[in-house]
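Okay, here's what each chain looks like letter by letter:
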Amino acid sequence: MNASGFKPALPGISSSKSLGFFSFSGGNQPFDLKPRGVCLIKAAMEETRTLKLDVNGKVGDKLPNGHAGKSTVACALSHMLYQRGNLSYILDGDNIRHGLNRDLSFKTEDRAENIRRVGEVAKLFADAGFICIACLISPYRRDRAECRAMLPSEGFVEVFMDVPLQVCENRDPKGLYKLARAGKIKGFTGIDDPYEPPLDAEIVLQCNTGDCSTPCDMAEKVISYLEVKGYLQA
Ligand SMILES: Nc1ncnc2c1ncn2[C@@H]1O[C@H](COP(=O)(O)OS(=O)(=O)O)[C@@H](OP(=O)(O)O)[C@H]1O
Ligand SMILES: Nc1ncnc2c1ncn2[C@@H]1O[C@H](COP(=O)(O)OP(=O)(O)O)[C@@H](O)[C@H]1O
């Protein structure tokens with residue numbers, strides 16, 4: 001039980017990322033990586049959930065096509081967890097900012113509130129027995145520390161996606177870096193807003209220019225960590 005008296009049944013997982021993106025080296029992925037839209041992610045999440053919850057349904061050995069994009073690693077991780085019999089749910093900042101957090105901007109205080117709310121929702125999911133995968137930039141150490149403190153000891157696993165700005169900028173699927181560079185978006189993380197890399201992340205997923213693990217390899221690394229630490233049911 002933590003300070004707020006809340007006792008989740010399963011640990012929550014938070015994923016922070018350096019600048020929000022990571023590199024995909026292409027090739028032998030078990031699913032198509034296509035540009036993500038909110039609806040695609042939502043559909044993918046619903047499809048995954050259906051697979052998880054439909055005891056009579058057949059579970060394929062591939063992730064559903066047509067999702068990918070934003071939390072590519074999160075989707076791969078969620079699928080791998082499912083294959084191991086663990087329920088998970090992805091809380092994706094990009095999506096949540098269209099609903100629950102649509103009133104929030106990217107000002108420092110609103111980013112803090114964004115993360116706080118996601119942490120609270122993650123607690124609820126965790127209490128329902130889900131492993132919650134939160135995909136946020138969450139650029140400030142203080143906000144991440146507060147989110148960690150919300151969850152019981154060892155209930156928060158921070159995954160740092162250590163990706164050079166250049167790699168992020170080269171991807172730029174939504175053209176936001178370009179707009180930020182042109183001064184058309186102010187306060188853009190990595191351009192004119194800070195990112196504070198974690199000092200104590202449980203997991204670091206590194207991606208260098210021209211040398212980046214595949215999303216599945218990254219997700220495997222998270223799975224290995226969770227297995228070793230005893231988070232996953234047999
Ligand atoms: N000013 C600014 N700074 C950073 N990011 C911006 C900004 N404006 C819009 N976006 C898009 O919003 C996505 C990040 O949302 P998050 O909720 O994860 O951000 S935060 O945790 O509150 O910092 C992020 O999407 P992803 O890259 O898919 O994560 C950005 O594309
Ligand atoms: N491992 C990866 N390496 C390179 N590109 C990737 C990788 N994963 C996703 N992408 C592509 O990069 C862009 C951003 O990926 P995404 O998963 O949406 O990142 P984020 O959730 O951090 O915004 C998308 O166009 C996606 O197709």
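Read on for a plain summary of the structure. Only a predicted model underlies this, so the values are computations on that prediction, with no experimental measurement involved. (Residues numbered from 1 in each chain as written. Chains lettered and ligands numbered in written order. Predicted model: local features only at pLDDT ≥ 70, side-chain atom pairs only at ≥ 80, totals over all residues. Heavy atoms only, no water.)

Before going further, it helps to spend a moment on the nonpolar core. The biggest cluster of nonpolar side chains holds 33 residues, and the ones touching the most others in it are Leu81, Leu205 and Leu226. Counting residues per element, the ones that place at least two in this core are helix H2 (72-83), strand E3 (131-136), strand E4 (156-162), helix H6 (165-171), helix H7 (176-181), strand E5 (203-208) and helix H8 (215-228). Contacts of Leu81, omitting those with residues within four sequence positions, involve Asn86, Ser88, Ile131, Ile133, Ile223, Leu226 and Leu232. Tyr89, Cys132, Ala134 and Phe156 belong to the second-largest nonpolar core, a separate cluster that totals 13 residues. (Core = buried A, V, L, I, M, F, W, Y, C linked by side-chain atoms within 4.5 Å. Buried < 20%, exposed > 50% of the residue type's maximum accessible area, 1.4 Å probe, protein only. Helix = DSSP H or I, 4+ residues; strand = E, 2+ residues; numbered from the N terminus. Contact = heavy atoms within 4.5 Å.)

Moving on, we come to unusual backbone geometry. Within the chain, Ser138 stands out as a residue other than glycine whose phi angle is a positive 35°. As for its position among the elements, Ser138 is in the loop between E3 and helix H5 (141-150). Accessibility expressed as a relative area gives 6% for Ser138, which makes it buried. Of note in the backbone geometry, Asp172 takes a positive phi value of approximately 40° without being a glycine. Tracing the sequence through the fold places Asp172 in the loop between H6 and H7.

The next subject is the packing of aromatic side chains. In this structure the tally under the stated criterion is four aromatic pairs. Relative to Phe125, the ring of Tyr89 has its centre 4.3 Å away and its plane inclined at 10°; by these criteria the two rings are stacked. Of the two residues, Tyr89 sits in strand E2 (residues 88-92) while Phe125 sits in helix H4 (residues 108-127), which places them 36 residues apart along the sequence. For Tyr89, a relative accessible area of 18% corresponds to the buried category. Considering the side-chain rings of Tyr177 and Phe188, the 5.0 Å spacing of their centres and the 75° angle between planes classify their relative orientation as edge-to-face. In this pair, Tyr177 is assigned in helix H7 and Phe188 in the loop between H7 and E5, connecting sequence segments eleven residues apart. (Phe/Tyr/Trp six-rings, centres within 6.5 Å; stacked < 30°, edge-to-face > 60°.)

Residues in a regular strand point their side chains to alternate faces of the sheet. The buried fraction of E2 amounts to five of the five residues, a majority that puts the element mostly inside the structure. Judged by which residues are buried, E2 turns out to be covered on both faces: Ser88, Ile90 and Asp92 on one side and Tyr89 and Leu91 on the other are all buried. In this sheet, E3 lies alongside E2 in parallel orientation, the contact comprising five bridges. Paired with Asp92 across the two strands is Cys135, which belongs to E3. (Pairing = 2+ DSSP bridges.)

Moving on: the state of the cysteines. On inspection of all chains with the given rule, the structure shows zero disulfides. Cys132 forms no disulfide, and the closest cysteine sulfur to it belongs to Cys135, at a distance of 9.2 Å. (Disulfide = S-S within 2.5 Å.)

To continue, consider the packing of H2 against H8. At a minimum axis distance of 8 Å, the contact between H2 and H8 shows a crossing angle of 50°. Classed by the angle they form, the pair H2 and H8 counts as oblique. Classified by chirality, the crossing of H8 by H2 is right-handed. Across the interface between the two elements, Thr72, Val73, Ala76, Leu77, Met80 and Leu81 of H2 pack against Pro215, Cys216, Met218, Ala219, Glu220, Val222, Ile223 and Leu226 of H8. In terms of residue class, the contact of H2 with H8 is made up of twelve nonpolar, one polar and one charged. (Axes fitted to C-alpha atoms, helices over the stretch in contact; angles between N-to-C directions. Parallel < 35°, antiparallel > 145°, perpendicular 65-115°, else oblique. Left-handed = near helix turned anticlockwise from the far one by under 90°. Nonpolar A, V, L, I, M, F, W, Y, C, P; charged D, E, K, R; others polar.)

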